[in-house]
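Summary of the model geometry
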Amino acid sequence: MGDDSRENTLRKQEPDKNKHHDRLTISSDLKLLYLVRQFVVNFMRQIALPADYENRIVLAVDEAVSNIIEHAYESKADGYIDIQITRDKKQISFSITDWGKPFNPNKVKKPDIAKSIKSGTKGGLGIFLMKQIMDEVKYTFKSGQNHLYLVKYLTL
Amino acid sequence: MGDFQINTQKLSEGVTSISIKGFLDAYTYSEFEQTINNLFNQKQYKLVVDMSNVDYISSAGAGVFIGAIGLAQENNGNIIIIRPKPGVKEVFDLLGLSQIFTITNNLESAIKTLTGK
């Protein structure tokens, strides 16, 4: 029994070569967005993802976090955002949690650029980009937490 | 974080160039927006925005262009974007702005477009 459990523990510790994971927690401060971008870039370079994914995925995560700061935390810097990245064989996923007001990006309307130009307004662009870039955008609000799950399928 | 800088320079025939350096994101965009609003207040509506030193743009930065081009065009002006890096151009493409904005790698042709000469 003792030996078995030791063996299991050892097995669990063996790294899965197809799975990578990293995590960053930041304050809800717009001036820290560059850290989020740096975190995503570093992760993608570590796992040697082709460069053409990089700009788009960094943009999508930046837009997600910017919207959380602006809407869930109403641009106040006293909250926290937790970002976890996981790369599996076929996809890269982002699990983003915050403790701000409920904010469901799936309820934001698609922007009408021509109308925005006429009226000089510009709402909804970031969410539009995030949805255009990512293959899955899932949102839940549970136990006082906004949880956003973004997935990009990898065709390598 | 890299420095964020904006410089404006009056060129000939009522054209003003705006050069931006650094990241144009949800944190820095308001400075760019303020620069454009100041120029509009001075009735400068013919603008060339040099993006050659912009390493990254998000929707907040692109939104400044969307918010400003209408007023520029109503006042016989325009906003021309020059020398964007591929990653920056890609964001304009994703938002469908490449069909709305004139994007060129050449300052002279940008000035010609603005002055009609």
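The shown structure was predicted, so the numbers you read here are calculated from the model rather than taken from an experiment.

Conventions we followed
- Residues numbered from 1 in each chain as written.
- Chains lettered and ligands numbered in written order.
- Predicted model: local features only at pLDDT ≥ 70, side-chain atom pairs only at ≥ 80, totals over all residues.
- Heavy atoms only, no water.
- Helix = DSSP H or I, 4+ residues; strand = E, 2+ residues; numbered from the N terminus.
- Buried < 20%, exposed > 50% of the residue type's maximum accessible area, 1.4 Å probe, protein only.
- Contact = heavy atoms within 4.5 Å.
- Areas by Shrake-Rupley, 256 points an atom, 1.4 Å probe, with all protein chains shown as cover.
- Salt bridge = Lys/Arg side-chain N within 4 Å of Asp/Glu carboxyl O.
- Polar contact = N/O pair within 3.5 Å; in protein donor to acceptor, adjacent residues only side chain to side chain.
- Nonpolar A, V, L, I, M, F, W, Y, C, P; charged D, E, K, R; others polar.
- Pairing = 2+ DSSP bridges.
- Axes fitted to C-alpha atoms, helices over the stretch in contact; angles between N-to-C directions.
- Expected span 1.5 Å × (residues − 1).
- Phe/Tyr/Trp six-rings, centres within 6.5 Å; stacked < 30°, edge-to-face > 60°.
- Lys NZ or Arg CZ within 6 Å of the ring centre and 35° of its normal.
- 1 Å grid on protein atoms, 1.4 Å probe; cavity = no way out; pocket = protein on both sides within 12 Å on 5 of 7 lines; lining within 4 Å.
- Points joined across faces, edges and corners; volume = space filled by probe spheres on them.

Another point: the overall build of chain A. Per the secondary structure count, chain A includes five helices and five strands. The burial tally for chain A puts 46% of its 156 residues in the buried class. Look at the contacts in chain A between residues 6 or more apart in sequence, and 65% of them connect residues 24 or more apart. Working note: accessible area of chain A is about 9000 Å², and carbon and sulfur atoms make up 49% of it.

Here we take up the interface of chain B and chain A. Counting residues at the interface gives 24 residues for chain B, matched by 25 residues for chain A. Counting the contacts that link chain B with chain A gives two salt bridges. Linking D25 of chain B and R37 of chain A is a salt bridge whose minimum nitrogen-to-oxygen distance equals 2.8 Å. At the junction of chain B and chain A, the tally comes to eight residue pairs in polar contact (both at pLDDT 80 or more). For the side of chain B that touches chain A, the element with the most residues is helix α2 (residues 59-74) of chain B, which contributes seven residues. Partitioned by chemical class, the residues of the side of chain B that touches chain A number 15 nonpolar, six polar and three charged.

Our next topic: the pairing of strand β2 (residues 15-24) of chain B. Residue and element names in this part refer to chain B. β2 sits mainly inside the fold: seven of its ten residues count as buried. As paired elements, strand β1 (residues 5-10) and β2 share six bridges and run antiparallel to each other. Looking across to β2, one finds that Q5 is bridged to K21. Once β1 ends, the chain turns through four residues before running back antiparallel as β2, passing E13 with a positive phi of about 55°.

Glancing now at the sheet that holds strand β1 (residues 20-27) of chain A. Residue and element names in this part refer to chain A. The strand order β1-β2-β3-β5-β4 describes an open sheet built from five strands, whose pairing is antiparallel. Unpaired on one side and paired on the other, β1 and β4 (136-142) mark the two borders of the sheet. Ignoring which end each strand starts from, the neighbouring axes of this sheet average 15° apart. Sheet topology note: the β4/strand β5 (residues 145-153) ladder contains seven bridges and is antiparallel. Note on β5: the bridge partner recorded for K142 is Q145.

On to the sheet that holds strand β5 (residues 102-104) of chain B. All names here are of chain B. Pairing is mixed across the open sheet formed by five strands, whose spatial order is β1-β2-β3-β4-β5. Since the sheet does not close on itself, it has two edges, and those belong to β1 and β5, each with one partner. When the angles between neighbouring strand axes are averaged without regard to direction, this sheet yields 25°. Against the sheet, helix α4 (residues 107-115) touches β2, β3 (46-57), β4 (78-82) and β5, its axis set at about 170° to β4.

Residue and element names in this part refer to chain A. End to end, helix α2 (residues 33-46) covers 20 Å across 14 residues, agreeing with the expected 20 Å (1.5 Å per residue, within 8%). Those residues of α2 not exposed but buried are L33, Y34, V36, R37, F39, V40, V41, F43 and M44. After α2 finishes, the residue A48 shows a positive phi value of roughly 55°.

Bringing the packing of aromatic side chains into the picture now. What the rule picks out here adds up to five aromatic pairs over all chains. Taken together, a centroid distance of 5.4 Å and an interplanar angle of 75° make the contact between F65 of chain B and F92 of chain B edge-to-face. Taken together, the residues span a long stretch of sequence, with F65 of chain B in helix α2 and F92 of chain B in helix α3 (residues 86-94) at a distance of 27 residues. Here a set of aromatic residues connected by ring pairs shows up, and it is made of F32, F65, F92 and F101 of chain B. A cation sits over an aromatic face here: R37 of chain A above F23 of chain B, 4.8 Å from the ring centre.

Let's shift gears to the environment of I6 of chain B. Residue and element names in this part refer to chain B. The topology assignment puts I6 in strand β1. Expressed as a C-alpha distance, the spacing of I6 and F32, which sit 26 residues apart in the sequence, is 7.2 Å. Sequence-distant contacts of I6, defined by excluding residues within four places in its chain, comprise I18, S19, I20, E31, F32 and T35.

A word on empty space enclosed by the protein. All names here are of chain A. Across all of its chains, the model carries one cavity of 30 Å³ or more by this definition. Quantified by volume, the largest cavity comes out at close to 60 Å³. As for the largest cavity, its lining consists of 13 residues, and the residues nearest its centre are I68, F103, P105, Y139 and L148. Only α3 (51-72), β3 (91-98), α5 (125-133) and β5 provide two or more residues apiece to the lining of the largest cavity.

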